[in-house]
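Topology and contacts: notes
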Amino acid sequence: MSEHLTVLPHEAADRLAIRELVEAYAHCADRRDAKGQMALFTKDTHFVVYMNAKDPKPSLELRSREALAPVFADLNQYDATMHFIGQSTILTITTDRATGEAYCLAHHVTVKEGKRRLMLAALRYYDTFVKIDEAWLFAERLLYVDWVDERGLS
């Protein structure tokens, strides 16, 4: 059994706020709230996508909050999405900086010629968070796609 450390109340509040930030990202994505999603990042954020988690070369690398707009707008091609957040771990935390890892199953439904299809992607996020004006934001988000499955829906 692992040893549990005592967590001070202010750290517990920070850990909860970070978890809520991770969940807000998924919520905004599924509601197509690109502006809300962008607001979760620092102005000089670093956002990197690895469409193949085993390839060390990124598929996409962005270096500002404004650059995220087309990435988030790309979700509009789907009829529906559901980003289901699994385990989320805070790896390091100080009063104004933290790192963490979160798992996500991203469901993307398309409809073409009356046929529905599901694309399911297993994602991992490696995050660096910063606390600015008492709010936690993403300073860096590395998105790794571990696998993708596509299938028809009834």
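Quick notes on the rules
Residues numbered from 1 in each chain as written. Predicted model: local features only at pLDDT ≥ 70, side-chain atom pairs only at ≥ 80, totals over all residues. Heavy atoms only, no water. Patch = residues over 30% accessible without salt bridge, like charges linked within 9 Å, V, L, I, M, F, W, Y side chains within 5 Å. Areas by Shrake-Rupley, 256 points an atom, 1.4 Å probe, with all protein chains shown as cover. Salt bridge = Lys/Arg side-chain N within 4 Å of Asp/Glu carboxyl O. Helix = DSSP H or I, 4+ residues; strand = E, 2+ residues; numbered from the N terminus. Pairing = 2+ DSSP bridges. Axes fitted to C-alpha atoms, helices over the stretch in contact; angles between N-to-C directions. Contact = heavy atoms within 4.5 Å. Buried < 20%, exposed > 50% of the residue type's maximum accessible area, 1.4 Å probe, protein only. Phe/Tyr/Trp six-rings, centres within 6.5 Å; stacked < 30°, edge-to-face > 60°. Lys NZ or Arg CZ within 6 Å of the ring centre and 35° of its normal.

**Some words on a nonpolar patch on the surface**
A contiguous nonpolar surface patch, about 420 Å² in accessible area, is contributed by Met82, Phe84, Leu105 and Trp147. Within the fold, Phe84 resides in strand β3 (residues 80-93).

**Comments concerning the sheet that holds β3**
Here we have six strands laid out as an open sheet, ordered β2-β1-β6-β5-β4-β3, and mixed in their pairing. Across the chains shown, the open sheet's two edge strands, defined by having one partner strand only, are β2 (60-62) and β3. Taken pair by pair, the neighbouring strands of this sheet meet at an average axis angle of 15°, ignoring direction. Lying over the sheet, helix α1 (residues 9-31) contacts β1 (41-50), β3, β4 (97-112), β5 (115-132) and β6 (135-152), oriented at roughly 155° with respect to β3.

**Let's talk about the environment of Cys28**
In this structure, Cys28 sits in helix α1. The exposure class of Cys28 is buried, given its relative accessible area of 8%. Through-space distance from the C-alpha of Cys28 to that of Val148 is 22 Å; in sequence the pair is 120 residues apart. Non-local contacts of Cys28, meaning those with residues more than four positions away in its chain, are made with Asp33, Gly36 and Gln37.

**Brief notes about unusual backbone geometry**
A negative phi holds for most residues other than glycine; trans holds for most peptide bonds. The backbone of Arg32 sits at a positive phi, close to 60°, despite the residue not being glycine. Looking at where Arg32 falls in the secondary structure, it is placed in the loop between α1 and α2 (34-38). A relative accessible area of 25% means that Arg32 is categorised as partly exposed. One non-glycine residue with positive phi stands out, namely Glu134, at about 70°. Mapped onto the elements of the fold, Glu134 is located in the loop between β5 and β6.

**With respect to the packing of aromatic side chains**
Summed over all chains, the structure comprises eleven aromatic pairs. Centre to centre, the rings of Phe41 and Phe72 are 6.1 Å apart; their planes meet at 40°, and the pair counts as tilted. Highlighted residues: Phe41 in strand β1 and Phe72 in helix α3 (residues 69-73), separated in sequence by 31 residues. Just as Phe41 is buried, Phe72 falls in that class too. These aromatic residues form a ring-pair network of at least three members: Tyr25, Phe41, Phe47, Phe72, Tyr125, Phe129 and Phe138. In this structure, Arg141 is placed above the aromatic ring of Tyr25, and the distance from its NZ or CZ to the ring centre is 4.4 Å.

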